[in-house]
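# Coordinate analysis (summary)
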Amino acid sequence: MDTPPRLKLAIQKSGRLTDNSLDLLVRCGLKYSRAKDQLLCFGENMPLDVLLVRDDDIPDLVQEDVCELGIVGLNVVEEKRLGFRARGVEPLFEQVMTLDYGRCRLSVALPEDQRYDGPASLAGRRIATTYPNILARWLADRGVAAQVVTLSGAVEIAPRLGRADLICDLVSTGSTLAANHLREVETVLESQAVLIRTPVPVAEEKREWMDRLVKRMDGVQQVRESKYIMLHAPREALPLIASLLPGSEHPTIVPLEGTTEKVAVHAVCRENVFWETLESLKAAGASAILVLPVEKMLP
Ligand code: PRP
Ligand code: ZN
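Model, not experiment: these values are computed from the prediction.

## As for the pairing of strand S15 (residues 262–269)
Pairing of strand S13 (residues 227–234) with S15, which is carried by eight bridges, proceeds in the antiparallel orientation. Among the inter-strand pairings, Met 230 is bridged to a residue of S15, identified as His 266. Strand direction decides the pairing type here: strand S14 (residues 252–255) and S15, joined by four bridges, are antiparallel. Within S15, the position partnered with Thr 252 by the bridge is His 266.

Next comes the structure, spelled out in structure tokens:
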């Protein structure tokens with residue numbers, strides 16, 4: 001019996017992207033069972049296997065065509081891309097879309113008791129990082145000749161150990177920097193989770209599932225912020241009310257039984273609806289305002 005070819009998607013094993021990535025896949029309709037070793041999620045209702053790996057390995061797995069897809073931080077993608085290019089190797093991973101989680105930034109930081117006088121003051125100084133390629137590009141763009149000290153981890157303790165004068169590392173909450181008495185002074189790269197894919201053609205059956213998954217991910221992202229809003233509005237206030245609905249294109253206008261002055265307005269808002277918006281709608285004459293979450297959307 002022929003088993004259909006299975007798509008392989010790599011995600012981070014344990015870290016800032018893991019839970020959100022699995023959650024995204026579940027929202028895309030995936031039902032999975034997790035292998036005993038916890039390193040593979042087997043898709044039960046889709047021909048999809050999710051590999052749980054170290055985030056730094058994800059672009060390589062796509063590069064080597066072991067996985068067709070990967071979800072990883074832009075920081076890792078950029079670092080690998082520049083690294084491959086520097087070695088004369090064409091990167092074989094394409095960014096499909098950014099995902100709305102995993103936001104963090106790659107920043108330069110220095111001991112909090114030291115002053116900082118802008119990028120030029122970094123000349124001749126040692127900067128420890130696990131992102132040597134991104135940092136080197138940032139320095140080169142500014143014409144600064146600093147010394148990049150490549151470490152494989154524990155970057156935040158490098159200044160204390162005397163291995164470097166400054167660091168360039170990921171910052172999300174800032175608690176690692178605070179705990180190590182370091183002060184953030186420059187943002188080198190803003191990062192978030194991205195979906196990458198192989199540019200190598202894949203078998204028809206796999207490609208169909210790949211396209212479906214990408215469309216579903218897009219749909220999931222669109223609904224996260226979206227709300228369905230219903231309200232009653234005086235006819236003459238319609239233009240003003242429509243202009244107050246955040247990110248909605250064509251509201252539906254429905255007549256109301258027993259009145260010609262008022263109508264019902266139904267609209268999908270592509271942005272979050274805040275209390276302030278409701279208050280403005282009310283002030284514009286709206287009543288019976290109802291805001292509902294959107295579960296699924298296929299544009
Ligand atoms: C980064 C970075 C810091 C921490 C910063 O590591 O190296 O240790 O996160 O986060 P905070 O500002 O919230 O304290 P990460 O967990 O991403 O591990 P990795 O770089 O080894 O993938
Ligand atoms: Zn990592």
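## Here's the deal with the domain arrangement of the protein chain
Along its sequence, the protein chain is organised into domain 1 (7–101 + 193–223), domain 2 (104–191) and domain 3 (227–293). Placing the centre of domain 2 and that of domain 3 at their C-alpha centroids yields a distance of 49 Å.

## Describing the sheet that holds strand S6 (residues 94–98)
Read from one edge to the other, the open sheet built from seven strands follows the order S2-S3-S4-S1-S5-S12-S6, with strand pairing classed as mixed. The open sheet has two free edges, formed respectively by strand S2 (32–34) and S6, since each of these has just one partner strand. Geometrically, the sheet is characterised by an average inter-axis angle of 25° between neighbouring strands, direction not taken into account. Relative to strand S3 (residues 40–43), S2 runs antiparallel, the two sharing three bridges. Bridge pairing in S3 links Tyr 32 to Gly 43. Sheet contacts for helix H1 (residues 18–27): strand S1 (7–12), S2, S3, strand S4 (48–53) and strand S5 (69–73); angle to S1, the most-contacted strand, approximately 145°. Seen against the sheet, helix H3 (residues 74–86) touches S5, S6 and strand S12 (193–197) and runs at an angle of roughly 105° to S5.

## A look at the layout of surface pockets
When its volume is computed, the largest pocket comes out at roughly 860 Å³. Sorting the residues of the lining of the largest pocket by element identifies H3, helix H4 (132–141), strand S10 (166–171) and helix H6 (175–179) as the ones contributing at least two each. A total of seven residues in the lining of the largest pocket trace back to one element, the largest contributor, which is H3. Considered class by class, the residues forming the lining of the largest pocket number 14 nonpolar, 16 polar and ten charged. Within this model, the second largest pocket holds a volume of roughly 360 Å³. Lining the second largest pocket we find 17 residues, and of these Arg 27, Val 220, Val 223, Glu 295 and Lys 296 sit closest to its centre. Looking at the lining of the second largest pocket, the elements with two or more residues in it are H1 and helix H7 (204–225). In terms of residue count, the dominant contributor to the lining of the second largest pocket is H7 (five residues). A per-class count over the lining of the second largest pocket returns eight nonpolar, three polar and six charged.

## Re the sheet that holds S10
The five strands lie next to each other as S9-S8-S10-S7-S11, forming an open sheet whose pairing is mixed. Looking at the sheet topology across the chains shown, the edges are occupied by strand S9 (147–150) and strand S11 (182–191). Taking the axes of each pair of neighbouring strands and ignoring which way they run, one obtains an average angle of 30° across the sheet. In the sheet, strand S7 (residues 104–111) pairs with S11 via eight bridges, with the strands oriented antiparallel. Within the sheet, the bridge partner assigned to Leu 106 lies in S11 and is Leu 189. The strands that H3 touches are S10 and S11; relative to S11, the one it contacts most, it runs at about 75°. Contacting S7, strand S8 (126–129), S9, S10 and S11, H4 crosses the sheet at an angle of about 95° to S11.

Rules and cut-offs
Residues numbered from 1 in each chain as written. Chains lettered and ligands numbered in written order. Predicted model: local features only at pLDDT ≥ 70, side-chain atom pairs only at ≥ 80, totals over all residues. Heavy atoms only, no water. Pairing = 2+ DSSP bridges. Helix = DSSP H or I, 4+ residues; strand = E, 2+ residues; numbered from the N terminus. Domains from an automatic or database assignment. Axes fitted to C-alpha atoms, helices over the stretch in contact; angles between N-to-C directions. Contact = heavy atoms within 4.5 Å. 1 Å grid on protein atoms, 1.4 Å probe; cavity = no way out; pocket = protein on both sides within 12 Å on 5 of 7 lines; lining within 4 Å. Points joined across faces, edges and corners; volume = space filled by probe spheres on them. Nonpolar A, V, L, I, M, F, W, Y, C, P; charged D, E, K, R; others polar.

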